[in-house]
Amino acid sequence: MRRFSDSLTMSSQEDAAFGPEIGSKFSERFKSFLYDNDLHLRSENELCLPCQPGGSEFEEAVIAVDDDKLMQLEIRRIQAATMVTRLPASVLGNAALTFSAFALVAAEHAPTQPAFLWLVCTLGLLVLRLVVGHCAQRSDLPRRNPELSLRLLTVTTGLSGIAWGALPFCVDAFNTFGLEGGLYVLMLGASAGSLMLSIGYRWLAIVFSLPAYLSITTSLMMHGGVVGFILSCNILALALILYRSALIGETMFIDSATRKLHATKMASSLGAANADIMQANARLELLASCDPLTGLANRAAFNVALQQGIEEAAASNGRLALLVIDLDRFKHVNDTMGHKIGDALLSEFGRRIRNSLPSEGTLIARLGGDEFAVILEGKDASAEASRTAEIVLRQCRLPFALDGQTCSIGTSVGVALYPDHASTAEELFVSADMALYRSKDLGRGRWRKFDPKLREAAERQRQIERDLLAAIESGELEAWFQPQVLLADESIIGFEALVRWHHPTLGFIAPPEIVQAAHAVHLSDRLTGTIAEAGCLLLQRLPGLGLPEATVAVNVSPREFALYSVAELLDRLVERHQIRPELLEIEITEEALLDTVIAGEQLKRLEQSGFALAVDDFGAGHSSLTRLIDLKVDRLKIDRGLTANVAASARNQAIITALVGLGEALTMDMLAEGVETPEDAAALLQLGCTLGQGYLFARPMPVSRLVGWIAEHGRRSVSRRAVA
């Protein structure tokens, strides 16, 4: 029992290398081979064919199957098919020779019973050969079992050869060197003809010719004396030559058939491989343009379609609309319900908008993550875009039932039109993206059409981001300071450092724009470091100006806590400038108090370093009293929205009274921002707020002007006290 591995594992190997389709084709061909040859698989790597029954069960012999054996099988099939095809011609020629031989015998001698018997036997064998060949051809035996076909042909041809070899002995008074010698010629001719017609399979020629040659040599030796012996030797030599020729002919035939089979196999393989490659290319093209999760077009296909759509619209003076869609709160779904639910949500959303939008003139694509896009073509693209945006919003408002769970999300949509808002594909996408983020800024769950002012704002922001680093390094961006005073006598208790930048072409840049640009280009640490260092330099000068205990407040954005260590930056500055950390006040907004992970840790480090902490715009957000107590905040700055016109607003007065009481309970200073009138200052003082900051006292100013203002403010204070 022999195992094989190469051939039977070829299907799995081809599956791995070329894909399941090529592997399945090989598998079908191999199954056909097994069926045709009465073979079967006993296990994954054993091929068996039944043997003769022994006892109650069949014994099985395991054979090895490889490419060489398959090639030998194909060659045997070709040999069998060739012999069966040539059989009628061979039989016809043999029949003619048979009648010729009988005619010669009849012409020389009266036909005898042996001669008639020879004629009948020879013709009967020829008929038998024809019947065997015909039956083999009808039953497709040369292909199904070529070895059996060749054996049947060999046996019947050998019987026919024996009949020819018996001819000299069926003629009475046979004269070897007389007229009967012509029979030798016919017999040798029949043998030679057999050789020519059996060139593909030598055994047919051998079994047919050998009896004739043996008969002739025997007859010559019996009746020819020395001459007969010599002729017999020559005939035997001729027989050997003919055998060698038959062997060479068969070898050449097999070699030719092998080459043909290899060429056919290679051509077939190349054809099949080419077809499979074409199919694979088609699948790759589909995969290259299709999002595998939603079945929508992907970003690559979207880019091509948008470019082509704009080109066609430009050629036909048409219009094109682009909608960029973003799912609101998708990250929350992923984080709380898992990525599997998130993927199901994306797939369901894609299905909804695909089913709710017309297929003609519309392309829907998933650009990546939770971002989708819709391209609309047609002269009425603007109205169609509005209608489509409403459909998308309506579809997303419906709850999503996913894997037994239900979730609700919203969506924001930005719309841009060609040629109204852009002239290129890239500009159109940027315009729609701007409109999308504007809709998010306005509260999400809505759609917005692009406004050219958005592009102007974006261009302005890009220029700010591009020039920010140079402004920091050149000193063009600087810190201005606004005084903070006691409301009772306007004594200076500190200053707030505010960033100022007058751009050469854009003019004054608002602080929020500067902070946003610094965050976008990763310069938040440089910006904060520049303002804090200016504050440290001022703190070094204040003792000489008569303000040794005055503080300087520096604003820190909550987003900065996730980018770098604010405490380490400020520690290095106060150490380098040799100032007391408690005089450098760090102002944060209320949002920073709510981030208990990153911001909370850094605020604790600032507190441990000795920096004073102040909460800016207090009352405008949602502070946690627990966090205020835990962090030991030193000062709360009341938002300017509460202090403006407080003298005339009973509601604001009540709120400020409550905030002042809270500050007293927490032992925190309360400072009112945005004080602009003496009436508001008096009202705040009466309500218990003792500190103030605003235009009533001084506007922000650079250090060069601040020194003079401090001196002038001191003289005014002395004058007021003298008058009092």
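Conventions adopted
- Residues numbered from 1 in each chain as written.
- Predicted model: local features only at pLDDT ≥ 70, side-chain atom pairs only at ≥ 80, totals over all residues.
- Heavy atoms only, no water.
- Helix = DSSP H or I, 4+ residues; strand = E, 2+ residues; numbered from the N terminus.
- Buried < 20%, exposed > 50% of the residue type's maximum accessible area, 1.4 Å probe, protein only.
- Contact = heavy atoms within 4.5 Å.
- Areas by Shrake-Rupley, 256 points an atom, 1.4 Å probe, with all protein chains shown as cover.
- Salt bridge = Lys/Arg side-chain N within 4 Å of Asp/Glu carboxyl O.
- Pairing = 2+ DSSP bridges.
- Axes fitted to C-alpha atoms, helices over the stretch in contact; angles between N-to-C directions.
- Core = buried A, V, L, I, M, F, W, Y, C linked by side-chain atoms within 4.5 Å.
- Patch = residues over 30% accessible without salt bridge, like charges linked within 9 Å, V, L, I, M, F, W, Y side chains within 5 Å.
- Phe/Tyr/Trp six-rings, centres within 6.5 Å; stacked < 30°, edge-to-face > 60°.
- Disulfide = S-S within 2.5 Å.
- Parallel < 35°, antiparallel > 145°, perpendicular 65-115°, else oblique.
- Left-handed = near helix turned anticlockwise from the far one by under 90°.
- Nonpolar A, V, L, I, M, F, W, Y, C, P; charged D, E, K, R; others polar.
- pLDDT = per-residue confidence, 0-100.
- Expected span 1.5 Å × (residues − 1).

1. Side note on the overall build of the chain
Turning to step 1, where the next piece is worked out: Looking only at helices and strands, the chain features 25 helices and 19 strands.
Turning to step 2, where the next piece is worked out: Out of the 724 residues belonging to the chain, those deemed buried represent 45%.
Turning to step 3, where the next piece is worked out: Look at the contacts in the chain between residues 6 or more apart in sequence, and 68% of them connect residues 24 or more apart.
Turning to step 4, where the next piece is worked out: When the accessible area of the chain is evaluated, it comes to approximately 36,600 Å², of which 58% is carbon and sulfur surface.

2. Section: the pattern of salt bridges
Turning to step 1, where the next piece is worked out: Applying the stated criterion across every chain, the model contains 22 salt bridges.
Turning to step 2, where the next piece is worked out: The salt bridge partner of arginine 143 is aspartate 140, with a shortest N-O separation of 2.7 Å.
Turning to step 3, where the next piece is worked out: Between lysine 637 and glutamate 496 there is a salt bridge; the shortest N-O distance is 3.0 Å. Within this pair, whereas lysine 637 is found in strand β17 (residues 635–638), its partner glutamate 496 is found in strand β12 (residues 492–503), the two being separated by 141 residues in sequence.
Turning to step 4, where the next piece is worked out: Exposure remark for lysine 637: the relative accessible area of 0% places this residue in the buried category.
Turning to step 5, where the next piece is worked out: For glutamate 496, a relative accessible area of 5% translates into the label buried.
Turning to step 6, where the next piece is worked out: A single network of salt bridges, built from pairs that share partners, joins Glu496, Glu587, Lys637 and Glu673.

3. Re the sheet that holds strand β10 (residues 447–449)
Turning to step 1, where the next piece is worked out: Ordered in space as β5-β6-β4-β9-β10, the five strands form an open sheet in which the pairing is mixed. In the strand order of this sheet, the two ends are held by β5 (362–368) and β10, each with one partner. Strand-to-strand twist across the sheet, computed as the mean angle between neighbouring axes with direction ignored, equals 20°.
Turning to step 2, where the next piece is worked out: Both strand β4 (residues 320–328) and strand β6 (residues 371–377) contribute to a ladder of seven bridges, which runs antiparallel. Counterpart to alanine 321 in the pairing with β6 is leucine 376.
Turning to step 3, where the next piece is worked out: Lying over the sheet, helix α13 (residues 381–397) contacts β4, β6, β9 (410–418) and β10, oriented at roughly 170° with respect to β9.

4. Points about the nonpolar core
Turning to step 1, where the next piece is worked out: Counting 74 residues, the largest nonpolar core has Leu477, Phe495 and Leu606 as the members making the most contacts within it.
Turning to step 2, where the next piece is worked out: In contact with leucine 606, other than residues within four places in its own chain, are Phe561, Val566, Ala567, Leu570, Ile586, Phe611 and Leu613.
Turning to step 3, where the next piece is worked out: If you look at the next biggest cluster of nonpolar residues, it comprises 31 residues, including Val374, Ile391, Ile409 and Val415.

5. A closer look at a nonpolar patch on the surface
Turning to step 1, where the next piece is worked out: Among the surface-exposed residues, Leu128, Val155, Leu159 and Ile162 lie close enough to one another that they form a single nonpolar patch of about 340 Å² accessible area.
Turning to step 2, where the next piece is worked out: Per-element accounting of the nonpolar patch gives the leading share, three residues, to helix α6 (residues 146–165).
Turning to step 3, where the next piece is worked out: Topologically, valine 155 is positioned in helix α6.

6. Focus on the side chain of serine 431
Turning to step 1, where the next piece is worked out: Tracing the backbone through its elements, the reader meets serine 431 in helix α14 (residues 425–441).
Turning to step 2, where the next piece is worked out: Judged by its relative accessible area of 0%, serine 431 falls in the buried class.
Turning to step 3, where the next piece is worked out: Those residues within four positions of serine 431 in sequence are excluded, and the remaining contacts are Ala416, His421, Ala422, Phe450 and Arg455.

7. Here's the deal with the packing of aromatic side chains
Turning to step 1, where the next piece is worked out: One pass over the structure, following the stated rule, counts two aromatic pairs.
Turning to step 2, where the next piece is worked out: Taking the centre distance of 6.0 Å and the plane angle of 65° together, the rings of phenylalanine 302 and phenylalanine 429 count as edge-to-face. One end of the pair, phenylalanine 302, is in helix α10 (residues 299–315); the other, phenylalanine 429, is in helix α14, and 127 residues separate them in sequence. One exposure class covers both phenylalanine 302 and phenylalanine 429, and it is buried.
Turning to step 3, where the next piece is worked out: Between phenylalanine 349 and phenylalanine 372, the aromatic rings sit 5.0 Å apart at their centres with planes inclined by 65°, giving edge-to-face as the arrangement. Taken together, the residues phenylalanine 349 in helix α12 (residues 339–356) and phenylalanine 372 in strand β6 connect sequence positions 23 residues apart.
Turning to step 4, where the next piece is worked out: Overall, phenylalanine 349 belongs to the buried group, its relative accessible area being 0%.
Turning to step 5, where the next piece is worked out: Judged by its relative accessible area of 0%, phenylalanine 372 is buried.

8. Section: unusual backbone geometry
Turning to step 1, where the next piece is worked out: Tyrosine 418 connects to proline 419 through a cis peptide bond whose omega is 5°.
Turning to step 2, where the next piece is worked out: By secondary structure assignment, the location of proline 419 is in the loop between β9 and α14.
Turning to step 3, where the next piece is worked out: Phi is positive for glutamate 490, which is not a glycine, with a value near 60°.
Turning to step 4, where the next piece is worked out: Considering the arrangement of structural elements, one finds glutamate 490 in the loop between β11 (477–486) and β12.

9. Concerning the pairing of β5
Turning to step 1, where the next piece is worked out: Along β5, five of the seven residues are buried, which leaves the element largely enclosed by surrounding structure.
Turning to step 2, where the next piece is worked out: Judged from the six bridges that link them, β5 and β6 form a sheet pairing that is antiparallel. By the bridge assignment for β6, leucine 363 is matched with isoleucine 375.
Turning to step 3, where the next piece is worked out: In textbook terms, the turn of a hairpin is the stretch between consecutive antiparallel strands, and for β5 and β6 this stretch comprises two residues, one of which, glycine 369, has a positive phi near 60°.

10. Describing the state of the cysteines
Turning to step 1, where the next piece is worked out: Counted by the stated rule, this structure contains zero disulfides.
Turning to step 2, where the next piece is worked out: Cysteine 407 provides the cysteine sulfur closest to cysteine 396, a residue in no disulfide bond, and the two sulfurs are 9.2 Å apart.
Turning to step 3, where the next piece is worked out: Assessed through its relative accessible area of 0%, cysteine 396 is described here as buried.

11. Considerations on the pairing of strand β16 (residues 612–618)
Turning to step 1, where the next piece is worked out: Buried residues dominate β16, accounting for six of its seven residues.
Turning to step 2, where the next piece is worked out: Across five bridges, strand β15 (residues 584–589) lies against β16 in parallel orientation. Within β16, the residue paired with glutamate 587 across the bridge is alanine 614.
Turning to step 3, where the next piece is worked out: Bridge count between β16 and β17: three bridges; the pairing is parallel. By the bridge assignment for β17, alanine 614 is matched with arginine 635.

12. So, the packing of helix α17 (residues 524–541) against helix α18 (residues 566–577)
Turning to step 1, where the next piece is worked out: Contact pair α17 / α18: the axes reach a minimum separation of 10 Å and the direction vectors enclose 30°. Classified by the angle between their axes, α17 and α18 sit roughly parallel to one another. Regarding α17 and α18, the two cross each other, and that crossing is right-handed. Contacts between α17 and α18 involve Asp525, Thr528, Gly529, Ala532, Glu533, Cys536, Leu537 and Gln540 from the first element and Leu569, Leu570, Leu573, Val574, Arg576 and His577 from the second.

13. Brief notes about the packing of α14 against helix α15 (residues 452–474)
Turning to step 1, where the next piece is worked out: Orientation of α14 relative to α15, taken along the N-to-C sense of each, is 95°, at an axis distance of 10 Å. Classed by the angle they form, the pair α14 and α15 counts as roughly perpendicular. Across from Glu427, Ser431, Met434, Ala435 and Arg438 in α14, the residues of α15 making contact are Leu454, Arg455, Ala458 and Arg462.
Turning to step 2, where the next piece is worked out: Considered class by class, the residues forming the contact of α14 with α15 number four nonpolar, one polar and four charged.

14. Remarks on the confidence of the model for the chain
Low-pLDDT portions of the prediction should not be read for the details of their coordinates.
Turning to step 1, where the next piece is worked out: The share of residues in the chain with pLDDT of 70 or more is 76%, and the mean pLDDT across the chain is 79.
Turning to step 2, where the next piece is worked out: When the criterion is pLDDT under 50, residues 1–65 qualifies, and its contacts beyond four places in sequence or with other chains add up to 91 contacts.

15. Notes on helix α4 (residues 113–138)
Turning to step 1, where the next piece is worked out: Taking 1.5 Å per residue as the helical rise, α4 with its 26 residues ought to reach 38 Å, and the 37 Å between its terminal C-alpha atoms agrees with that figure.
Turning to step 2, where the next piece is worked out: For α4, every residue scored as buried is listed here: Ala115, Trp118, Leu119, Thr122, Leu125, Leu126, Arg129, Val132, Gly133 and Ala136.

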